[in-house]
Amino acid sequence: MAPAAAVPGAGAGAGDSARLTREVARVLDECRASLAVHPRKLRELAALRSSSSNPGGGDRFLPAFCVAVTPLFNLARRSAGSDRASRFVAAFASSSASSSTDGGGVDGFLEGFLRFLLTASAAAHRPARFRACQIISEIIMRLPDDAEVSDEIWDEVIDCMKVRVQDKIPAIRAFAVRALSRFAGDGEDGGILDLFLETLDTEQNAEVRKTIVLSLPPSNATLESVIESTLDISESVRRAAYSVLSTKFPLQSLSIKQRTTLLHRGLSDRSASVNNECLKMLKDEWLVKYCGGDVITLLRFLDVETYESVGESVMMMLLKDGALRVQDGQSIRQYVTANGDNEAEQVSNIQLMDAEVALYWKIMCKHLQAEAQIKGSEAATTTGAEAAVYASEASDKNDLLDNVLPSTITDYVDLVKAHLSAGPNYHFASRQLLLLGEMLDFSDTMNRKVASCFLHELLMKPLEHEVDDDGNQIAIGDGVSLGGDREWAKAVAELAKKVHSSVGECEMVISTVVEELARPCRERTADFMQWMHCLAVAGLLLENTSTLRTLQGKAIEPSELLHSLLLPAAKQNHVDVQRAALRCLSLLGLLENRPNAELVKQLRLSFINGPDLVSAMACKALIDLVTWHGPQTVDQAIGIELPDASSEKSQFTTVDISDLNDDDLNIGVLDILFSGFHKDDWEFSLEGDNHDNVPTILGEGFAKIILLSENFASISADLHTVILAQLIRLYFSEETKELERLKQCLSVFFQHYPALSDKHKSCVSNAFVPVMKAMWPGLYGNAGGSTHVISRRRKLAVQAARFMVQMVQTQLLSSESTDQASKSPGSASSLADASNNFDISEEGLAIRIAAEVANCPDKKTAAGKAYALALCKVALLLRFRQSEQKAIKCMRGLVNSLAALVASDKDLVKELSQMAARLRSLDASPDEELAQDEADAIFKKLGLDGGFKLDTNQAMPPTPAPRSVRPPAPTRRRARRAPSSSDESDAEDDNVDLPAASVSRVPATPSMTAGRSHRASKTAALSKISAKPAAASSSDESDNQSDVTSDEDSSDEE
């Protein structure tokens, strides 16, 4: 039905209606040129509508208007002119509602036009649906709040737009979402909000997701979805999410976690436009609007004690943008008043800083220092007036920094001491103030002496602890770092390096403190808190020492440190003391040219016999030693002889570390570490980032080893395959699914590993079959279980198989790969001997899978049948290059055997037959068979046992035709159906990639023969019809087509 026919009275007054139609069409045509003429044309069209409103023909304008705008719905391509015309149409319709004074004619026009648009929005013609949704959304967005439109019309619009949200055209979906956005915030939205949230999770088009995000109303239900959109893959969606958050969600409505998460993502986003949008939200909305321009108030909203890095990023971005500067009269000195006569008055004259204030001054001072250094460098590299300007700016920055910092070192020390003595609530502020010491001048002897005494107090300060109900002391913090906080230890180390800047002076001072703290430990009179304090300072010394030569001749030398402190500490009963000692042993081993034998033995013994937390620390230490010195060097340290160079190790030595009480010095360090994968009773906490557990440390360590395999020549390629297979099983294991850090590490590793080298891809191909053997339940000694358990394990194994296929198909990033693209069959004969790298590509993996299916034990059991079916389905995903002619012939000889083994699955047999046809089409000489010695050479190169008999002439098992479920055909003769284009395309599709020679080798079933003869007759009929001139379309068919839709457009759309 034509759109104009949808309006009552469209045929009355044909002459006046035609005139009105021409006038409206002229106005619309003039509006296509520019938006500037729209206000004047709106008045002109309103006047035209008023002139047509008379007692005899008050309803003539609407039919004429609908007929005039109908050509917009037939434009197949979107253009700027048509969009301007559509906007004008929407503006006129909405203005007619806003100018209404009585609910009569004007409302009748808007409602009638909306009904016309709803008819067009349900059309099969794609341009009609698009234009209707565009105009409807524009009308809704332009309508004033007091527009009088019946609820019945709005219900129809909402229902229609809900349907169009599921349209297959992205632009139509976007306009439908935009049209519904104004109704989503209502209390009774009819499920619009739920539709938006559901569509946002499944939508593939970025523009539609962006429109949905912009259309979401502010509520608790939509907040999480908007925050999740800040991780969208599309830059425009992420930018839209920050725009919505800044305009619709007040700062107070977000939790601290949400605020810091948004800032962390936005300020570190790879897109500059997203950075700018996040900075705009931070500066214009959060800082200015909600915090009154006070950055300290903003930092209080972020909880900088918990999210320090986010607070630093916010400060740096605001300083870089120029939104912050030091105000007149503001400085750290205002927190330090005139000193009194005694120490008590000095402390009382110190005003304590909040955490936000301390962080503010630390970042501000660092920024001023960096600006001064940059300007000074620019002044040094330029000459003349430009250099003078830079030098003046650098001088101003330095003067401002001097005015902000404490006036004397004594004031600075008093300020830090006051915060330290104020208790744990000011520990964060104390650390921020401690970092200010890097910007102070300690060249004066008196200043250095004051700072040195203060530093000695910091090093000698015992660890903080608390007492439980039983009277036991519990250390506060991580138990291995000075002050129980790694960041605090770094701050003390930086201050020590600044105060004692001479070569070896810092090591001398800290070693003196270590020797003093070690006395009760060597005398065996120290409790575990004293042990931990001494080990924390020793770790600080080793961590900030570049070489052991700097410790020679100091208060405590490396050998004395090892034998009198670290090794006895590792044998203590307290777990935290053992962990701290193992950490120091690891640092000492990294500084040695060759690791000490007793050090390595203690680490091995702690890994085998220690509690889980101790084993985790020992595991981390051994991994560090192996990656730094190499596994051979670590083994040589304890007397393990090097293996014979002629015999490469292909498997790790199996060790049950659960039952191993003493260390076996004949077993290498990698064998012991790898045995840690097979221990099932490791305990780990799921709280925090759960990285202090043995499976995570082992996974990260071995991934690092095989990723940097060129640095470990002593590890054979076969061991790389074993390690990779274990990592894949670990990644898909149900026992480690809660270890998020391990999952993330291995995910990044698997993404990069196959893309770096051909050897890595070969390792992935070699690991495929061992992984499947180890993961498939009920085979190769693997446990079975209930039906549910077996099904879940099979799914994990199939996921792992597909994952490895994707790894093999990954493109290489390095230049070592040679491009061997598929070439035409005519040139394939010259590439018959080019099968040199099939073992690292998909061809080698396909042959391995086929050989595994052929060698699969228990083929008649349910587990064996499922195993063979799964492997065959994976093999279908692999592609063959035409240059690998020998591999193609080899696979052709194996694919027939595969089909025979899985003959019970008819769909799979059909796909294997198609694969056989594709391989035959790629074969340059399909009638020639591969020689057995060449086949054995292929199997040998792939590491497979020979004995496979290849038969490329073996017939594929027939696929029986499915039994028809239709009722029997009537006895009367059917009318002959004219051939259609779909029949022709079906005939072409069925014959693609199937040469005559290959088809003749597959025995045809009766249904196939009948289908082909039927298609052959249709092809002959089509050729005869095409030779005749095409018949003209009948006028009846053209009359039956709608003005909005047409069969031709529908077919094009589909």
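Residues numbered from 1 in each chain as written. Predicted model: local features only at pLDDT ≥ 70, side-chain atom pairs only at ≥ 80, totals over all residues. Heavy atoms only, no water.

When helices and strands are counted, the chain shows 46 helices and two strands. Looking at the chain as a whole, 48% of its 1054 residues qualify as buried. Residue pairs at least 24 apart in sequence account for 72% of intrachain contacts in the chain once pairs closer than 6 positions are excluded. Accessible area for the chain stands at about 51,200 Å²; split by element, carbon and sulfur atoms hold 49% of it. (Helix = DSSP H or I, 4+ residues; strand = E, 2+ residues; numbered from the N terminus. Buried < 20%, exposed > 50% of the residue type's maximum accessible area, 1.4 Å probe, protein only. Contact = heavy atoms within 4.5 Å. Areas by Shrake-Rupley, 256 points an atom, 1.4 Å probe, with all protein chains shown as cover.)

Here the focus is the packing of helix α37 (residues 842–855) against helix α39 (residues 885–901). Running from N to C, α37 and α39 point in directions that differ by 35°, and their axes come no closer than 9 Å. The hand of the α37/α39 crossing is left-handed. Of α39, the residues touching α37 (which contributes E843, A846, I847, A850, V853 and A854) are A887, C890, M891, L894, L898 and L901. Of the residues assigned to the contact of α37 with α39, the class counts are eleven nonpolar, no polar and one charged. (Axes fitted to C-alpha atoms, helices over the stretch in contact; angles between N-to-C directions. Left-handed = near helix turned anticlockwise from the far one by under 90°. Nonpolar A, V, L, I, M, F, W, Y, C, P; charged D, E, K, R; others polar.)

Inspection of every chain in the model, using the stated rule, returns 42 salt bridges. For the salt bridge of E734 with R792, the shortest nitrogen-to-oxygen distance reads 2.3 Å. Here the residue E734 occupies a position in the loop between α33 (717–731) and α34 (740–756), and R792 occupies one in helix α36 (residues 787–808), the gap between them amounting to 58 residues. Look at E734 and you get partly exposed, because its relative accessible area is 25%. Within this structure, E23, R26, E30, K41 and E44 form a network of salt bridges that share partners. (Salt bridge = Lys/Arg side-chain N within 4 Å of Asp/Glu carboxyl O.)

On the surface, a cluster of negative charge is contributed by D151, E152, D155 and D159. Inspection of the secondary structure puts E152 in helix α7 (residues 151–164). (Patch = residues over 30% accessible without salt bridge, like charges linked within 9 Å, V, L, I, M, F, W, Y side chains within 5 Å. Lys, Arg positive; Asp, Glu negative; His and termini not counted. Charge placed at Lys NZ, Arg CZ, Asp CG, Glu CD.)

Mapping F442 onto the fold places it in the loop between α21 (427–435) and α22 (445–460). Judged by its relative accessible area of 5%, F442 falls in the buried class. In sequence terms F442 and S452 are ten residues apart; their C-alpha atoms lie 9.8 Å from each other. Aside from chain neighbours lying at most four places away, what touches F442 is I409, G437, N447, R448, A451, L495, K498 and V499.

So, about unusual backbone geometry. The residue D303 is not glycine, and still its phi comes out positive at about 55°. Given a relative accessible area of 24%, D303 falls into the partly exposed group. Notably, Y780 is not glycine yet its phi reads approximately 55°, a positive angle. Structurally, the position occupied by Y780 is in the loop between α35 (758–775) and α36.

Another point: the environment of V69. The topology assignment puts V69 in helix α3 (residues 61–69). With relative accessibility at 0%, the residue V69 sits in the buried group. A C-alpha to C-alpha distance of 8.9 Å links V69 and A85, two positions 16 residues apart in sequence. Not counting residues within four places of it along the chain, the set of residues in contact with V69 comprises L28, V89, F113 and F116.

Within this structure, the stated rule accounts for 27 aromatic pairs. Between F130 and F175 the ring centres are 5.5 Å apart and the planes differ by 65°, which places this aromatic pair in the edge-to-face class. Of this pair, F130 sits in helix α6 (residues 126–142) while F175 is found in helix α8 (residues 170–184), placing the two residues 45 residues apart along the sequence. For F130, a relative accessible area of 10% translates into the label buried. (Phe/Tyr/Trp six-rings, centres within 6.5 Å; stacked < 30°, edge-to-face > 60°.)

The subject of this paragraph is the packing of α35 against helix α38 (residues 862–875). As a packed pair, α35 and α38 sit with axes 12 Å apart at the nearest point and diverge in direction by 150°. The orientation of α35 relative to α38 falls into the category roughly antiparallel. In terms of crossing hand, the pair formed by α35 and α38 is right-handed. Together, F768, M772 and K773 of α35 and Y867, L871 and V874 of α38 make up the contact between the two elements. Within the contact of α35 with α38, the residues separate by chemical class into five nonpolar, no polar and one charged. (Parallel < 35°, antiparallel > 145°, perpendicular 65-115°, else oblique.)

Grouped together as the largest cluster of nonpolar side chains are 311 residues, with contacts concentrated most on F113, L565, F607 and F768. Top element by residues in this core is helix α25 (residues 528–543). It accounts for twelve residues. (Core = buried A, V, L, I, M, F, W, Y, C linked by side-chain atoms within 4.5 Å.)

So, about the side chain of T260. Relative to the helices and strands, T260 resides in helix α13 (residues 256–267). A distance of 3.0 Å separates the side chain of T260 from the backbone oxygen of I256, its partner in a polar contact. Setting aside residues up to four positions removed in sequence, T260 forms contacts with L302, Y307 and V310. (Polar contact = N/O pair within 3.5 Å; in protein donor to acceptor, adjacent residues only side chain to side chain.)

With that out of the way, let us pick up helix α26 (residues 558–570). Burial analysis of α26 places ten of its 13 residues in the buried class, which makes it a mostly covered element. Taken as a whole, α26 has its buried residues at P558, L561, L562, S564, L565, L566, L567, P568, A569 and A570. At its buried positions, α26 is contacted by α24 (505–522), α25, α27 (575–591) and α28 (597–609).

Right, let's get into helix α12 (residues 235–248). For α12, spanning 14 residues, the distance from its first C-alpha to its last is 20 Å, which sits close to the expected 20 Å at 1.5 Å a residue. Looking at α12, one finds that the buried residues are S236, V237, R238, A240, A241, Y242, V244, L245 and S246. Next to the buried residues of α12 lie α10 (206–215), α11 (220–228), α13 and α14 (272–290). (Expected span 1.5 Å × (residues − 1).)

Turning next to the side chain of E507. Position of E507 among the secondary structure elements: in helix α24. Here E507 occupies a buried position and makes no salt bridge, while the nearest side chain of opposite charge, K554, is found at 6.4 Å. When sequence neighbours within four positions are dropped, the list of residues in contact with E507 reads L541, N544, T545, T550 and L551.

Among the structural elements, C453 can be located in helix α22. Along the backbone, C453 and V413 are 40 residues apart, and their C-alpha atoms lie at a distance of 9.9 Å.

Mean pLDDT over the chain works out to 82, with 82% of the residues at or above the 70 mark. In the predicted structure, residues 343–348 sits below a pLDDT of 50 and forms four contacts with residues beyond four places in sequence or in another chain. (pLDDT = per-residue confidence, 0-100.)

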